[in-house]
Protein chains: 2
Amino acid sequence: MEGRGHVAVRRDVRRSLTAAALDLFLAQGFDETTVDQIAEAAGVARRTFFRHFRVKEDAIFPDHDAMLREIVAHLDSASPLVPPLTAVTEAALMVVDTYAADPETSVKRYEVTRRVPSLREHEIAATSRYQRAFAAFLNERDGLGTPEGLDERDGAAGQRRLRHEVIAAAVVTTHNHVLRAWLRGGGTGDVRAHLSEALSGILAGLEPWLDDRARPGDDEDDVLVVVTRRGTPLWRIAQEIEAAR
Amino acid sequence: MEGRGHVAVRRDVRRSLTAAALDLFLAQGFDETTVDQIAEAAGVARRTFFRHFRVKEDAIFPDHDAMLREIVAHLDSASPLVPPLTAVTEAALMVVDTYAADPETSVKRYEVTRRVPSLREHEIAATSRYQRAFAAFLNERDGLGTPEGLDERDGAAGQRRLRHEVIAAAVVTTHNHVLRAWLRGGGTGDVRAHLSEALSGILAGLEPWLDDRARPGDDEDDVLVVVTRRGTPLWRIAQEIEAAR
């Protein structure tokens, strides 16, 4: 209990610092605001600021590193029965949920980020890390491990990797498009529902790419026939297929 | 003539500075290299460095700002008879050409960029500017001017904008994928041909999105019938269509 209480206090301090930073950046500009001013406005010492954030930029962003870890954990633990695009869609919804959880902060952050190019670059770089995680997951699901081999440059594997990267880019682009529209609209409305709808529209067009995977080694000897009773639960069938391969 | 000579000298100095910076970054590390060392290795004064570059990071990158202006000019001047995806493909080929023009520098830059996160962020941000230019062009071609209206959030126009953004992301992702493979392979082989082939594969899957544009206002009254002689040049037909709208 003591540990949990400690974490809660840390989170509150972090949130106060973020709120103070956003208000100051909006009121007097990003470059014009010092860490000392932020700490003072949040009622904490300067060194407390640096216990939470490395640099001034970090203070206003959601914890992208932690989020990325959650996303990767979610994808890693996705059942092989879940279609890959469903798992990726869920991951994108997890990201937008963090914005939806605090519309006021999200809208203020958007206003600041729009005005300061360095902050925009920071946000774009964070976005590209999600994109890489999505592509890595799609590669993994398709039996394409890392690291990427040089020999794949012109081969079928290289083409499949490229398609996965494009799908990952499409997911992130859709996420950003829907999020931006929501932020511009003042953070009202159900951004999760909008994203879910937009993603299913975009991904319906790209899903065929995932099924088009005839490989040089494939032939009729690779066919697997599973005979099972109608009532058998899906997880049991999955186990049998896994065992038979 | 005098003016041209001056420009050529400026370019040579710029190139020497870039070469010196790359060699030093690779030999002793990015953080460990000072602007003074780069200037000395290139045989120029410190202030000459700052006449060409704002910061150390800028020294090793191709001139993305100039390239972006060329790309935008190319797209702006594209004939309305050229299909939009052809114009965008040409623009992506223009970008890859700048890397192919100097494989040695491109490969060295890739090695440095891989090792230094801040340089990678710089490169990703540049990439995202190309993406925005492509999407803006596709919007423009589809009669969707800027700025984006709030009312489009859930409408058909918003959906078309999203598709254009996804196509732009697909083009940039494909460009980066092919370029990366070429750089990892030491800058050998025809990267332009690889990109051209990869783009036509990816865009074939996305092109239908551009034709699917029934709009709320569309009905049979909007049909335009153009009758013309068989031998009429295409530009003339285009003029007639333009005049009739």
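Residues numbered from 1 in each chain as written. Chains lettered and ligands numbered in written order. Predicted model: local features only at pLDDT ≥ 70, side-chain atom pairs only at ≥ 80, totals over all residues. Heavy atoms only, no water.

Peer 1: How should the overall build of chain A be read in this particular structure?
Peer 2: Scanning chain A for helices and strands turns up 11 helices and zero strands. For chain A, the N- to C-terminal ordering of α and β elements is α-α-α-α-α-α-α-α-α-α-α. Evaluated residue by residue, chain A yields a buried proportion of 41% over its 245 residues. A fraction of 69% describes how many contacts in chain A between residues 6 or more apart in sequence connect residues 24 or more apart. (Helix = DSSP H or I, 4+ residues; strand = E, 2+ residues; numbered from the N terminus. Buried < 20%, exposed > 50% of the residue type's maximum accessible area, 1.4 Å probe, protein only. Contact = heavy atoms within 4.5 Å.)

Peer 1: Would you take a moment to explain the interface of chain B and chain A for this structure?
Peer 2: Quite often, the size of an interface is put as the accessible area lost when its parts meet. Every contact between the two is made by 34 residues of chain B and, on the other side, 34 residues of chain A. Here chain B packs against chain A, burying approximately 2900 Å² in sum over the two surfaces, 60% of which is carbon and sulfur. Across the contact surface, chain B and chain A share two salt bridges. Connecting chain B to chain A are four residue pairs in polar contact (both at pLDDT 80 or more). When residues of the side of chain B that touches chain A are assigned to their parent elements, the largest contribution, 15 residues, is made by helix 8 (residues 156-184) of chain B. Looking at the side of chain B that touches chain A residue by residue, the class counts come to 13 nonpolar, 11 polar and 10 charged. (Buried area = accessible area lost by both parts, 1.4 Å probe. Salt bridge = Lys/Arg side-chain N within 4 Å of Asp/Glu carboxyl O. Polar contact = N/O pair within 3.5 Å; in protein donor to acceptor, adjacent residues only side chain to side chain. Nonpolar A, V, L, I, M, F, W, Y, C, P; charged D, E, K, R; others polar.)

Peer 1: Sorry, what's going on with the environment of Tyr-130 of chain B here?
Peer 2: All names here are of chain B. Summarising the element assignment, Tyr-130 is placed in helix 7 (residues 117-141). Taking the C-alpha atoms as reference points, Tyr-130 and Val-72, 58 residues apart in sequence, are found 8.9 Å from one another. Here Tyr-130 is in contact with His-64, Met-67, Leu-68, Ile-71, Val-95 and Val-172, once residues within four sequence places are set aside.

Peer 1: Explain the relation of the copies chain B and chain A to me, please; I cannot follow it from the model alone.
Peer 2: Two chain copies, one operation linking them: a rotation about an axis together with a shift along it. Mapping chain B onto chain A calls for a screw motion: a turn of 180° about the axis and a shift of 0.0 Å along it, with 0.0 Å RMSD after fitting. Taken together, the rotation angle and the small translation identify this as a two-fold axis. Within chain B, Ala-169 of chain B has its C-alpha nearest the rotation axis, a separation of 3.1 Å. A share of 100% of the interface residues of chain B reappears at the interface of chain A, consistent with the copies meeting face to face through the same patch. (Least-squares fit on C-alpha atoms with pLDDT ≥ 70 in both.)

Peer 1: Help me understand the pattern of salt bridges, please; the structure alone is not making it clear to me.
Peer 2: Once the charged atoms of two side chains with opposite charge are near each other, the side chains can pair. Using the criterion set out here, one finds 18 salt bridges over all chains in the structure. In this structure, Asp-36 of chain B engages Arg-46 of chain B in a salt bridge whose closest nitrogen and oxygen atoms are separated by 3.3 Å. Separated by 10 residues along the polypeptide, Asp-36 of chain B in helix 2 (residues 35-42) and Arg-46 of chain B in helix 3 (residues 46-52) bring together distant segments of the chain. Judged by its relative accessible area of 40%, Asp-36 of chain B is partly exposed. Shared partners join several salt bridges into a network, and the residues in it are Asp-23, Glu-104 and Lys-108 of chain A.

Peer 1: Can you walk me through the packing of aromatic side chains in this structure?
Peer 2: When we look at a pair of aromatic rings, we describe it by the centre distance and by the angle of the planes. Scanning all chains against the criterion turns up six aromatic pairs over all chains. Summarising the aromatic geometry, the rings of Phe-49 of chain B and Phe-50 of chain B are spaced 5.3 Å apart at their centres and angled 80° between planes, so their arrangement reads as edge-to-face. The class for Phe-49 of chain B is buried, based on a relative accessible area of 0%. Here Phe-50 of chain B falls in the partly exposed class, since its relative accessible area comes to 37%. Between the aromatic rings of Phe-49 of chain B and Phe-53 of chain B, the centroid separation amounts to 5.4 Å while the plane-to-plane angle is 50°, which identifies the pairing as tilted. Across the pair, Phe-53 of chain B and Phe-49 of chain B agree in class, each one buried. Clustering of aromatic rings is evident, with ring pairs tying together Phe-49, Phe-50 and Phe-53 of chain A. Its guanidinium or amino end placed over the ring of Phe-30 of chain A, Lys-56 of chain A lies 4.4 Å from that ring's centre, counting from NZ or CZ. (Phe/Tyr/Trp six-rings, centres within 6.5 Å; stacked < 30°, edge-to-face > 60°. Lys NZ or Arg CZ within 6 Å of the ring centre and 35° of its normal.)

Peer 1: Just checking my understanding: could you explain the layout of surface pockets for this structure?
Peer 2: In this approach the atoms are scanned with a rolling probe the size of a water molecule, which exposes any empty space left behind. As a volume, the second largest pocket reaches approximately 1300 Å³. Lining of the second largest pocket is provided by 42 residues; of these, Ser-118, Glu-121 and His-122 of chain A together with Ser-118 and Glu-121 of chain B occupy positions nearest its centre. Residue assignment for the lining of the second largest pocket shows that the elements contributing at least two residues are helix 4 (64-76) and helix 7 (117-141) of chain A together with helix 4 (64-76) and helix 7 of chain B. Counting residues per element, the lining of the second largest pocket draws most heavily on helix 7 of chain B, at nine residues. When its residues are assigned to classes, the lining of the second largest pocket shows 14 nonpolar, nine polar and 19 charged. (1 Å grid on protein atoms, 1.4 Å probe; cavity = no way out; pocket = protein on both sides within 12 Å on 5 of 7 lines; lining within 4 Å. Points joined across faces, edges and corners; volume = space filled by probe spheres on them.)

Peer 1: Whenever I open this one, the nonpolar core confuses me. Can you help?
Peer 2: One broad rule of soluble globular proteins: the nonpolar side chains tend to lie buried together. Ranked by internal contacts, the top residues of the largest apolar core, which has 84 residues, are Phe-134, Ile-167 and Leu-206 of chain A together with Phe-134, Ile-167 and Leu-206 of chain B. Once residues within four sequence positions are removed from consideration, Leu-206 of chain A is found in contact with Ile-167 and Ala-170 of chain A together with Leu-206 and Trp-209 of chain B. One finds Leu-17, Ala-21, Phe-49 and Val-116 of chain A within the second-largest nonpolar core, a separate group that totals 19 residues. (Core = buried A, V, L, I, M, F, W, Y, C linked by side-chain atoms within 4.5 Å.)

Peer 1: Which parts of the structure should I look at to understand the domain arrangement of chain A?
Peer 2: Residues and elements named next belong to chain A. In terms of domain boundaries, chain A breaks down into domain 1 (1-59) and domain 2 (61-210). Inter-centroid distance (C-alpha atoms) of domain 1 to domain 2 is 28 Å. Each partner contributes to the interface: domain 1 provides 10 residues, whereas domain 2 provides 12 residues. Summing both partners gives a buried area of about 970 Å² for domain 1 against domain 2, and 65% of it is carried by carbon and sulfur. Interface area lost by domain 1 to domain 2 is led by Leu-22, Leu-26 and Glu-57, which between them contribute 51%. At the boundary of domain 1 and domain 2, one finds one salt bridge. (Domains from an automatic or database assignment.)

Peer 1: In this structure, what is going on with helix 2 (residues 35-42) of chain A? I would like to understand it.
Peer 2: In an α-helix, one turn spans 3.6 residues; hence positions three or four apart end up facing the same way. Residues and elements named next belong to chain A. Listing the buried residues of helix 2 in full gives Val-35, Ile-38, Ala-39 and Ala-42. Projected down its long axis, helix 2 carries its buried residues within an arc of 95°, all on one side. Exposed side chains of helix 2 directed beyond 90 degrees from the buried face belong to Glu-40 and Ala-41. Gly-43, located one to two residues past helix 2, shows a positive phi value of around 75°. (Arc of directions from axis to C-beta.)

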